[in-house]
Amino acid sequence: MRKDEPAQRPADARDDDVSSDGGGDGDGGSRDTPHSDVSRRAFLKGTGVVAGTAVTATTPAAADMPWDSTPAAVSAYVTHSTGWLGDVTFPSGAVKQHETGDVEWIIEYNGTTYGDWLGDWVSAASNRVELRHNTAEKRLLIAAPTGAVVPTSTFDLGVLGGGDTLAERSGIDLVAPNRVLTNTTPLTESDLISPGAWESPGTDIENTIIGALPSSGARFNGEAGPYDLQTAVTRTRADETGESGGGVTVGIVDTGLNYNQDLYGDRVTAAKNTISGEEIDPAAGDYAAVVDGNGHGSWCATAAAGNGDATNGTGAAVSATLVPVKALADDGSGATTDIVEGIEYCAAQGCDVINLSLGAPVTSDPVVNAVEKALENGVTAVVTAAGNARMTTHYMGSPASADPTIPVASIDSEPAAESLSAYYSSTGPNPQTGESMGVAAGGHRVTATVADTDGTLNENTLSGTSMAAPIVSGVVAQMLAADSSLIGAAETVRERLRAAAEPLPKCGVTEVGAGRVDAVRAVNGTASESTQKAARASEAQTRDALNKNLIETNWLTGWL
């Protein structure tokens, strides 16, 4: 389904801010932030992704190179990995290394650069290896010594008489390491903590000056749930719309899919493993290339578009077609290039919605570039998991923090008056991009029916923003099935989804954005009678102020 038309902002859309009196920067607009990016798109701020949403390690920000003379093509992640003397050091295991021992680099170029000189540059030295070349996207993956690709000394910079690294040459748009960061699996029942184990995010100085974020007002283990998938879906009223997503295609870029006829029928239309490059024909019935040894991608597929048993196997869009992509390995880790190619594959297969239940604390230039291009080329919505890092990096990660996406927070599946944000669910706005949280859905202690690698069915209870995002993807599929004029109107869909959301009085705007997604109003194009900001109880307003202050000051207190 495709329709080329400009996105229009609906009259009932709104921007919520987090201040109790309406003042301040708010949670809905961009602002100047530290470590401004130098890539070719002004709103992008870094590179690399973390597979999944429960991040086990974070990437601390560092100072820009002296005099802010870093070559314009160098990604912010490289800048953040550069010391004051220009030495570039990546944490062990954080980037892909070729068998030669050199770092793998993603190079985006323009025009005829490859034919003019870049191809010759790669072949001119034995320690430079071309690994992949996407000529359509003008993107190259190479392995090469760091010093040949980016300045590794202040005195290598062109302004000081050097200037011969790849990043400093004309025709190069972006240079980024092919990052590989790992995640834990989504939170199991035994992973969840009690309020007594809560640790307030931020430094000691921040907690002293600003105040520690309390555990009260968040949902922990044992307080509510577990919920069957049907409950999480019906809380969005997706069962009341009369729509099922028929004619809409949802892409799931994740750990793959364990196919089961009862869950997915003949609705899988294409599938690919971007790690190995293998593409399969679902009609042939051989899913070996995308088999999911992790289970994360299969869980997301069921939540978005499963059509199995009514309790745990029925997702939000039971008639939508699926395009599963295995871009993450069975351990839940993924290389930037594989995820980028997964997004591109979904776009090429005509996906209307792409679900990305993955993220990283540092913005990924290549991934967000791919998201933006997908939306420019017919994809209507990219739904992202906000992240499970409230106690660590605190704010929502990338690509959820990018402007074009629909970031989703995790809440319980209680009635609106009692619903709470999950204690692990990352908050907005993101300090690197200024983007706010989008909407929320039930992702806390949800049981879904998924298939094992041999196709047999089992019940799996998980928690995370990864679980909430595919429910929203299914709701968006319903919207597009009901109103074909929304196809291609990405901004209209985003704002309509926010305007329709159900306010949650006990939650903050920083925690749940516009509130819990409401499928009936989203499908009908009607707005909620209230806003999340207006509905907040005083305790939620206090947490919003603390969250906002933590995010706005963490760059300063990090120096102290």
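Fair warning: this is a prediction, and the values are worked out from it, not measured in the lab.

Colleague: Outline the overall build of the chain, listing residues and values.
Modeller: Along its length, the chain carries 15 helices and 19 strands. A burial count over the chain gives 61% of its 560 residues as buried. Here the chain displays about 19000 Å² of accessible surface, and carbon together with sulfur accounts for 48% of that area.

Colleague: How would you summarise the sheet that holds strand E18 (residues 446–451) if you had to cite specific residues and measurements?
Modeller: Pairing is mixed across the open sheet formed by 3 strands, whose spatial order is E7-E18-E19. In this open sheet, the two strands that pair with only one neighbour each are strand E7 (227–228) and strand E19 (457–462). Across 2 bridges, E7 lies against E18 in parallel orientation. From the neighbouring strand, Asp228 faces E18, where its bridge partner is Thr447. Along the sheet face, helix H7 (residues 296–305) touches E18 and E19 and points at about 110° away from the line of E18.

Colleague: Mind laying out the confidence of the model for the chain, listing which residues take part and the relevant values?
Modeller: As a note on interpretation, predicted positions should not be read in detail where pLDDT is low. When pLDDT is averaged along the chain, the result is 84, and 82% of the positions lie at 70 or above. Low pLDDT, under 50, characterises residues 156–162; the stretch is placed with 18 contacts to residues that sit more than four places away or in other chains. Between residues 554–560, whose pLDDT stays under 50, and residues either more than four places distant or in other chains, the model counts 9 contacts.

Colleague: Talk me through the pairing of strand E2 (residues 129–134); I want residue IDs and the actual numbers.
Modeller: Direction of pairing for E2 relative to strand E3 (residues 139–144): antiparallel, over a ladder of 5 bridges. When the sheet's bridge partners are listed, His133 is paired in E3 with Leu140. Two successive antiparallel strands, E2 and E3, enclose a turn made up of 4 residues, where Lys138 displays a positive phi of approximately 55°.

Colleague: Can you break down helix H9 (residues 365–376) residue by residue, with the values?
Modeller: An α-helix turns once per 3.6 residues; consequently, residues spaced three or four apart project the same way. Relative to the 16 Å expected for 12 residues at 1.5 Å per residue, H9 spans 16 Å between its end C-alpha atoms, a close match to the ideal helical length. Within H9 the residues assigned to the buried category are Asp365, Pro366, Val367, Val368, Asn369, Ala370, Val371, Glu372, Lys373, Ala374 and Leu375. Here H9 starts with a cap whose side-chain oxygen sits 3.1 Å from the backbone nitrogen of Val367, and that cap is Ser364. Following H9 by one or two positions, Gly378 has its phi on the positive side, about 110°.

Colleague: Could you give me a rundown of the packing of aromatic side chains, with the residues and numbers involved?
Modeller: Two numbers describe a pair of aromatic rings. These are the distance of the centres and the angle of the planes. According to the stated counting rule, one finds 7 aromatic pairs in the structure shown. Taken together, a centroid distance of 4.5 Å and an interplanar angle of 5° make the contact between Tyr259 and Tyr287 stacked. You can see Tyr259 sitting in the loop between strand E8 (249–254) and helix H6 (261–264) and its partner Tyr287 sitting in the loop between strand E10 (278–280) and H7, a full 28 residues away along the chain. For Tyr259, a relative accessible area of 21% gives the class partly exposed. Members of the aromatic cluster, joined through ring pairs, are Trp198, Phe220, Tyr423 and Tyr424. The ring of Trp121 carries the charged tip of Arg128 above its face, separated from the ring centre by 3.9 Å. Positioned above the aromatic ring of Trp117 is the side chain of Arg169, whose terminal nitrogen or guanidinium carbon lies 4.0 Å from the ring centre.

Colleague: Give a description of the sheet that holds strand E1 (residues 103–109) that names residues and reports values.
Modeller: With antiparallel pairing, the 4 strands of this open sheet are ordered in space as E2-E3-E1-E4. The sheet is open, and its two borders are formed by E2 and strand E4 (172–177), each paired with just one other strand. Taken over all neighbouring pairs, the strand axes of this sheet differ in orientation by 20° on average, direction set aside. Pairing geometry for E1 and E4, over 5 bridges, is antiparallel. Of the residues in E4, the one forming a bridge with Glu108 is Leu174. Of the strands in this sheet, E1 and E4 are in contact with H9, which crosses E4 at around 125°.

Colleague: How would you summarise unusual backbone geometry if you had to cite specific residues and measurements?
Modeller: The omega torsion of the bond from Gly225 to Pro226 falls at 5°, within 30 degrees of zero and hence cis. Mapped onto the elements, Pro226 comes out in the loop between strand E6 (218–219) and E7. For the peptide bond that leads from Ser398 to Pro399, omega is 10°, which places it in the cis range. Within the fold, Pro399 resides in the loop between strand E14 (381–385) and strand E15 (406–411). For Arg237, which is not glycine, the phi torsion reads 65° and is therefore positive. The partly exposed category is assigned to Arg237, whose relative accessible area is 25%. Notably, His394 is not glycine yet its phi reads approximately 80°, a positive angle. Of note, His394 is situated in the loop between E14 and E15.

Colleague: Outline the nonpolar core, listing residues and values.
Modeller: Among the nonpolar cores identified, the biggest contains 59 residues, and Val472, Val476 and Leu497 are the most heavily contacted of them. Take this core: its biggest share by element is 10 residues, from helix H10 (residues 465–482). When near neighbours in sequence (up to four residues on either side) are disregarded, Val472 contacts Val383, Ile406, Val408, Val439, Ala441, Leu497 and Val517.

Colleague: Give me the pattern of salt bridges: which residues, what numbers.
Modeller: As enumerated under the stated definition, the model contains 18 salt bridges in all. The residue Glu341 makes a salt bridge to Arg132 at a minimum N-O spacing of 2.9 Å. Placement of the pair is Glu341 in helix H8 (residues 336–348) and Arg132 in strand E2, with a sequence separation of 209 residues. For Arg132, a relative accessible area of 26% puts it in the partly exposed group. The residue Lys326 makes a salt bridge to Asp330 at a minimum N-O spacing of 2.6 Å.

Colleague: Describe the side chain of Asn355, with residues and values.
Modeller: Structurally, Asn355 is set in strand E13 (residues 353–356). By relative accessible area, Asn355 is classed as buried at 0%. Here Ser473 takes part through its side chain, which lies 2.8 Å from a polar atom of the side chain of Asn355. Residues in contact with Asn355, not counting those within four places in the same chain, are Gly251, Ile252, Val253, Cys300, Val383, Ala469, Pro470 and Ser473.

The rules behind each value
- Here the residue index of a chain counts from 1 through its sequence in written order.
- Owing to the predicted nature of the model, reporting of local features is limited to residues with pLDDT of at least 70; listing and counting of side-chain atom pairs is limited to 80 or more, with chain, interface and lining totals taken over all residues.
- Hydrogens are left out, water is left out, and the side-chain values use all remaining heavy atoms of the structure.
- Secondary structure elements follow DSSP: runs of H or I no shorter than four residues count as helices, runs of E no shorter than two count as strands, and numbering proceeds from the N terminus.
- A 1.4 Å probe rolled over the protein chains alone gives each residue an accessible area, and that area as a share of the maximum for its type sets the label: buried under 20%, exposed over 50%, partly exposed in between.
- The method behind every accessible area is Shrake-Rupley, applied with a 1.4 Å probe, and residues are considered shielded solely by the protein chains displayed.
- We call two strands paired when DSSP finds no fewer than two bridges between them.
- Residues count as neighbours in contact if any of their non-hydrogen atoms are within 4.5 Å of one another.
- Axes here mean lines fitted to C-alpha atoms, for a helix over just the part in contact, with angles spanning 0 to 180 degrees between N-to-C directions.
- Predictor confidence is given residue by residue as pLDDT, running from a minimum of 0 to a maximum of 100.
- To estimate the expected span of a helix, subtract one from its residue number and multiply by 1.5 Å.
- Polar contact is the term for a pair of N or O atoms within 3.5 Å; when the atoms are in protein, one must be able to donate a hydrogen and the other to accept it, and sequence-neighboring residues count only if both atoms are side-chain atoms.
- In this scheme Phe, Tyr and Trp rings, the latter by its six-membered ring, pair at centre separations within 6.5 Å, and the angle between planes marks the pair as stacked below 30 degrees, edge-to-face above 60, and tilted otherwise.
- A ring is considered to have a charge above it if a Lys NZ or an Arg CZ atom is located within 6 Å of its centre and within 35 degrees of its normal.
- Here, nonpolar core refers to any group of buried Ala, Val, Leu, Ile, Met, Phe, Trp, Tyr and Cys residues whose side-chain atoms link them within 4.5 Å.
- We count a salt bridge whenever a side-chain nitrogen from Lys or Arg sits within 4 Å of a carboxyl oxygen from Asp or Glu.

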